[in-house]
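Residue-level structural notes
As a plain string of letters, each chain reads:
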Amino acid sequence: MEKKEQLYEGKAKKVFATDDADYCIVSYKDDATAFNGEKKGTIAGKGVVNNRMSNMLCKLLEQKGVPSHYVEELSDRETLVKKVDIVPLEVIIRNTAAGSFSKRFGIAEGTKLKCPTLEYCLKDDALGDPMINDTQILAIDAATREELDKIAAMAYKVNEVLIEFFRTIGIELIDFKIEFGRFHGDIILADEISPDTCRLWDIETHQKLDKDRFRRDMGGVEEAYAEVFKRLNLD
Ligand code: UDP
């Protein structure tokens, strides 16, 4: 498929059209932002890690029955994906308290939760991606009841598969954010699954191997992404 004009440039990715209206090409950048774009920087090599990691996880999830936008890895940074209409929700699953959950509920970071939680934020940069519940989502028509049911079931399934997978490479999946898209009437997993969008802690040492190192100026950011990449054994 031929790469055509740029359709969109986001914080971490560019999206290009192809000669087929059903497909587009995603190109991963090393640019990083946090706190709704307030903090900006670059993480050398991040685009490669996120691209290859997302693709590998999409393939694994597909095998486990979760359909995704992934079609074909074109290079270290570029991937052919199905062109979806993004459901304007960030879907967040948590297994262990961290980040905004710890702050909001006063629960120490690292506290294991009794069961996974599912929460939604409305994707709207101008509003700072506010948290939103099921009834509010239906009321503003951000998604239908049927879509939300599918999204919730798929999100829990993604959690099960990813917990198990990360455990095999010595990583604890603390929480993650995923997004979904509409494609010919179906709901499929879209966007990335990477250290930008997951909290990943070393099982033994609890060392953070994710974007929190960038958000919190902890240092060792590139090293953390490289460590996750190494454990994925993609070379
Ligand atoms: N997350 C994300 N994009 C966002 C907000 C959150 O990928 O815009 C991910 C984040 O990396 C973490 C999970 O969602 O794995 C939960 O994030 P939280 O709500 O605690 O927000 P944060 O502390 O990251 O602001």
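Residues numbered from 1 in each chain as written. Predicted model: local features only at pLDDT ≥ 70, side-chain atom pairs only at ≥ 80, totals over all residues. Heavy atoms only, no water.

Considerations on the packing of helix α1 (residues 46-63) against helix α4 (residues 145-168)
Between two packed helices, both the angle of their axes relative to each other and the distance between the axes serve to describe the pair. Using the following cut-off: The convention used is that axes are lines fitted to C-alpha atoms, helices contributing only their stretch in contact, and that angles between N-to-C directions extend from 0 to 180 degrees. Here a helix means four or more residues in a row that DSSP labels H or I, a strand means two or more in a row labelled E, and each is numbered from the N terminus. The handedness criterion is simple: a crossing whose near helix is rotated anticlockwise from the far helix by less than a right angle is left-handed, and one whose near helix is rotated clockwise is right-handed. Here, two residues are considered to be in contact whenever any of their heavy atoms come within 4.5 Å of each other. Residue polarity follows a fixed list, in which Ala, Val, Leu, Ile, Met, Phe, Trp, Tyr, Cys and Pro are nonpolar, Asp, Glu, Lys and Arg are charged, and the others, Gly among them, are polar.
Running from amino to carboxyl end, α1 crosses α4 at an angle of 115°, the nearest separation of the two axes being 11 Å. Between α1 and α4 the crossing geometry is right-handed. Taken together, the residues of α4 that come into contact with α1 (itself represented by Met 53, Met 56, Leu 57, Leu 60 and Leu 61) are Val 158, Val 161, Leu 162, Phe 165 and Phe 166. Classifying every residue of the contact of α1 with α4 gives ten nonpolar, no polar and no charged.

Comments concerning the site of the ligand
Here is the rule: Residues are labelled near a given molecule or strand when at least one of their non-hydrogen atoms is within 4 Å of it. Here a polar contact is taken to be a pair of N or O atoms separated by no more than 3.5 Å, where protein atoms must pair a possible hydrogen donor with a possible acceptor and residues adjacent in sequence count only if both atoms sit in side chains.
Around the ligand sit 14 residues, and of these Arg 94, Ser 100, Asp 175, Arg 199 and Arg 215 come closest. Separating an oxygen atom of the ligand from a side-chain N or O atom of Ser 100 is a distance of 2.6 Å. In this structure, Thr 197 approaches the ligand through a main-chain N or O atom, which is 3.4 Å from an oxygen atom. Counting residues per element, the ones that place at least two in the shell around the ligand are β9 (89-96), α2 (99-105), β12 (171-183) and β14 (198-202). Its residues assigned to classes, the shell around the ligand shows four nonpolar, three polar and seven charged.

A word on the packing of aromatic side chains
To keep things clear, this is the line we draw: Centres within 6.5 Å make a pair out of two Phe, Tyr or Trp rings, where for Trp the six-membered ring is used; the pair is then stacked when the planes are under 30 degrees apart, edge-to-face when over 60, and tilted otherwise. The criterion for a charge sitting over a ring is simple: Lys NZ or Arg CZ within 6 Å of the ring centre, and within 35 degrees of the ring normal.
Here the structure, examined in full by the defined rule, presents two aromatic pairs. The ring centre of Phe 16 lies 4.2 Å from the NZ or CZ of Lys 3, which sits over that ring. The ring of Phe 214 has Lys 39 sitting right over it, with the charged end atom 5.1 Å from the ring centre.

Points about the sheet that holds strand β2 (residues 13-18)
Stated precisely, the cut-off is as follows: Strand pairing is defined by DSSP finding a minimum of two bridges between the two strands.
Spatially, β1-β2-β3-β7-β6 is the arrangement adopted by the five strands of the open sheet, whose pairing is antiparallel. Looking along the sheet, the strands with just one partner apiece sit at the ends: β1 (3-9) and β6 (70-73). When the angles between neighbouring strand axes are averaged without regard to direction, this sheet yields 30°. Bridge analysis of β2 against strand β3 (residues 23-28) gives five bridges, and the strand direction is antiparallel. Considered in β3, the bridge of Ala 17 is made with Cys 24. Sitting on the sheet, α1 touches β3, β6 and β7 (78-82), and the angle it makes with β6 is about 130°.

Remarks on α1
Test applied: What a helix should span is 1.5 Å times the count of its residues minus one. The cut-offs for exposure are 20% and 50% of the maximum accessible area for each residue type, with area from a 1.4 Å probe on protein chains only; residues under the lower value are buried, those over the upper are exposed, and the others partly exposed.
With 18 residues, α1 extends 26 Å between its outermost C-alpha atoms, agreeing within 8% with the 26 Å of an ideal straight helix rising 1.5 Å per residue. With 15 of 18 residues buried, α1 lies mostly within the body of the structure. Taken from the residues just after α1, Gly 65 is the one with a positive phi, measuring 95°.

Thoughts on the pairing of β9
The buried fraction of β9 is high, at eight of eight residues. Inspection of the sheet shows β9 paired to strand β10 (residues 112-122) by seven bridges, in the antiparallel sense. By the bridge assignment for β10, Leu 89 is matched with Leu 122.

Section: unusual backbone geometry
Of note, His 184 is a non-glycine position whose phi angle comes to about 45°, a positive value. Here His 184 shows up in the loop between β12 and β13 (186-190). Positive phi, close to 60°, is recorded for Asn 233, a residue that is not glycine. Turning to its location among the elements, Asn 233 is positioned in the segment after α6 (221-232).

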